[in-house]
Amino acid sequence: MTHLRRRPALLAAVPLAVTALLTAADPALAAGPVGTPGVGDPYFPLAGNGGYHVDHYGLTLRYDPGTRHLDGKAVLTARATQALTRFDLDLNGLKVTALTVDHVKAGHRRDGQELVVTPRRALRKGERFRVSVTYSGTPGPVTDPDGSLDGWIPTDDGAFVAGEPQGAMTWFPANNHPTDKSSYDFAITVPEGRTAVANGVLLGRRTAHGRTTYRWRQAEPMAAYLATATVGTFQVRQYTTRDGIKVYDAVDPREAAAAGPVLAKLPAVLEWGSRLFGPYPYRAAGSIVDHAPNVGYALETQTRPVYDRAPDLSTLVHESAHQWFGDSVSLTSWKDIWLNEGFATYAEWLYAEQHGGDSAQAAFDALYARPAADGLWAFPPGDPGSGANIFGTPVYARGAMALHVLRTTVGDRAFFRVLRAWAAAHRDGNGTTAQFERLAEKVSGKDLGSLFATWLYAQGKPNRP
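Please read all numbers here as calculations on a predicted model, not as lab measurements.

How would you sum up the overall build of the protein chain? Please name residues and give values.
Tallying secondary structure elements over the protein chain gives nine helices and 22 strands in all. Considering the protein chain as a whole, with its 465 residues, one finds that 59% of them fall into the buried category. Restricting to contacts in the protein chain with at least 6 residues of sequence separation, those with at least 24 account for 70%.

If you want it as structure tokens, here you go:
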């Protein structure tokens, strides 16, 4: 995410549903093993759910921008990681009208953001099962601890859909934590003349009776917060790069003049990233440039970042770098978000350094010159303290500074080997700061404990390295 334009929310979040229909289920099952209502993330304890892993989401959506009404059906193919008589899904502010597990009606109730599901029979550990949820309502965003919005954010011609960190649950029932990554199929129906853009490869579109259905497939594993279904009036450009990557750009006409020259650089930016970080991790790429002045940020939605306005080149580089660092290699805990944002910010520095701009050292020096009372030193990037701080300047800028200190300590050859090895070892998976530290020490052959302790975890302004 590009955070520097982030502004306080200007829209109101949709209230949580407080009542729900309870369908019949065997009461005896309630006494058996149940899945936890969250994975225990220290900053978002109810994010995600315990007891199962979702292999695949099939999302069928129908959205009317005029009424802002959404009809949805989500089919989740999952595997039980423990015996289950009950499990949760994350879903906020939409009415569930039908729910089945393995084609049999299941009990369900609402508890805040939790959709609590009781199947007719207990699920065995290791068993694969299928959950189908039909739902509808007027989706809207959630307000994050820092006061900004994420999720389904209405616009004047559709919706800007960006889910970091909580927002996926505003438009589909999900196991909404980055540790649960899945493949996706989307079928999104919108009024003719509007475009619906999701992740991955466009499989096709069909118009009938005044409506157009867009079918998208994201084959590589994706965290729920990186899914999008952005809707608007867009100018579309499609092409294939010389590396075989299918590019799909969707641009609001009001942003087209400013966005065009920057988006034209995307293939070169991806080639540059592939040389530094290893092969681009996906078969698709592109950009969604919306006109959403109330949003205030861009997000690295997988394969196709979504921008609230025409991006500048550094923002394009930032969100593109996230395809490696954040999307392909995802967080294990939101506390480790510097692994996303520090890396993407340092990619901006590297790109500038290698394309006639300031050196990474100059960027570091300019930041280090800030006084000890500056917000840059307000908290350590490896331990932001709460969900309210995960998009704060220390996570981005001091996180990038930590990488620069690592680079100057181990030398360029070892440093870029570390970046490539990190992207390769955790491709399509997850990583932790501790794993990154161990990898850096293994590749460099140096004891780096003091470096990481100082630049990732020490309070206040560190002594100059």
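From this point, the narrative continues.
A description of the sheet that holds strand S6 (residues 107-111) should follow, citing residues and the corresponding values.
If you walk across this open sheet you meet the three strands as S3-S7-S6, and the pairing is antiparallel. Edge positions in the sheet fall to strand S3 (87-90) and S6, since each of these pairs with one other strand and no more. Ignoring strand direction, the axes of neighbouring strands in this sheet form an average angle of 25 degrees. In this structure, S3 lies alongside strand S7 (residues 114-118), joined through four bridges in antiparallel fashion. If you follow Phe87 over to S7, its bridge partner there is Val117.

Account for the sheet that holds strand S18 (residues 246-251), naming residues and giving values.
Strand order in the open sheet formed by four strands is S17-S18-S19-S20, with mixed pairing between adjacent strands. Since the sheet does not close on itself, it has two edges, and those belong to strand S17 (235-240) and strand S20 (306-307), each with one partner. Across two bridges, the pairing between strand S19 (residues 284-289) and S20 is parallel. Its bridge partner lying in S20, Val289 is registered against Tyr307.

Tell me about the nonpolar core, residues and numbers included.
Judged by nonpolar contacts, the single largest core of 142 residues is most densely connected at Trp171, Phe172, Phe186 and Phe436. If you tally residues by element for this core, the top one is helix H6 (residues 393-410), at 10 residues. Dropping the residues within four chain positions of it, Phe436 is found in contact with Trp338, Leu339, Phe343, Leu403, Leu406, Val418, Trp422 and Phe452.

Outline unusual backbone geometry, supporting the account with residue identities and numerical values.
The peptide bond linking Glu164 to Pro165 adopts the cis configuration, its omega dihedral lying at 0 degrees. Positive phi values are uncommon outside glycine, yet His209 reaches one of about 55 degrees. Of note, His209 is situated in the loop between strand S14 (201-208) and strand S15 (211-223). Using a relative accessible area of 84% as the deciding quantity, one classes His209 as exposed. The backbone of Asp428 sits at a positive phi, close to 65 degrees, despite the residue not being glycine. Among the secondary structure elements, Asp428 is positioned in the loop between helix H7 (412-425) and strand S22 (429-431).

How would you sum up the pairing of S7? Please name residues and give values.
Burial of S7 is extensive: five of the five residues sit out of reach of the surface. Of the two faces of S7, the one holding Glu114, Val116 and Thr118 and the one holding Leu115 and Val117 are both buried throughout. The pairing of S6 with S7 spans five bridges and is antiparallel. Bridge pairing links Gly107 to Thr118 in S7. In this antiparallel pair of consecutive strands, S6 and S7, the connection spans two residues, and Gly112 shows a positive phi of 65 degrees.

Run through the pattern of salt bridges, naming residues and quoting values.
Taken as a whole, this structure holds 15 salt bridges when the rule is applied. With a closest N to O distance of 2.6 Å, Asp365 and Arg464 form a salt bridge. Taken as a pair, Asp365 in helix H5 (residues 360-368) and Arg464 in the segment after helix H9 (449-457) lie far apart in primary sequence, 99 residues in all. Arg464 sits in the partly exposed class, given a relative accessible area of 45%. Residues joined in a network through salt bridges with shared partners are Asp102, Arg121, Arg124 and Glu127.

An account of helix H1 (residues 256-263) is requested, with residue identities and associated values reported.
Of all the residues in H1, the buried ones are Ala259, Val262 and Leu263. Buried residues of H1 fall within an arc of 90 degrees about the axis and therefore sit on the same side. Looking at H1, the residues exposed on the side facing more than 90 degrees away from the buried face are Ala257 and Pro261. Packed against the buried residues of H1 are S17, S18, helix H2 (266-277), S19 and helix H3 (313-321).

Parameters at a glance
- Residues numbered from 1 in each chain as written.
- Predicted model: local features only at pLDDT ≥ 70, side-chain atom pairs only at ≥ 80, totals over all residues.
- Heavy atoms only, no water.
- Helix = DSSP H or I, 4+ residues; strand = E, 2+ residues; numbered from the N terminus.
- Buried < 20%, exposed > 50% of the residue type's maximum accessible area, 1.4 Å probe, protein only.
- Contact = heavy atoms within 4.5 Å.
- Pairing = 2+ DSSP bridges.
- Axes fitted to C-alpha atoms, helices over the stretch in contact; angles between N-to-C directions.
- Core = buried A, V, L, I, M, F, W, Y, C linked by side-chain atoms within 4.5 Å.
- Salt bridge = Lys/Arg side-chain N within 4 Å of Asp/Glu carboxyl O.
- Arc of directions from axis to C-beta.

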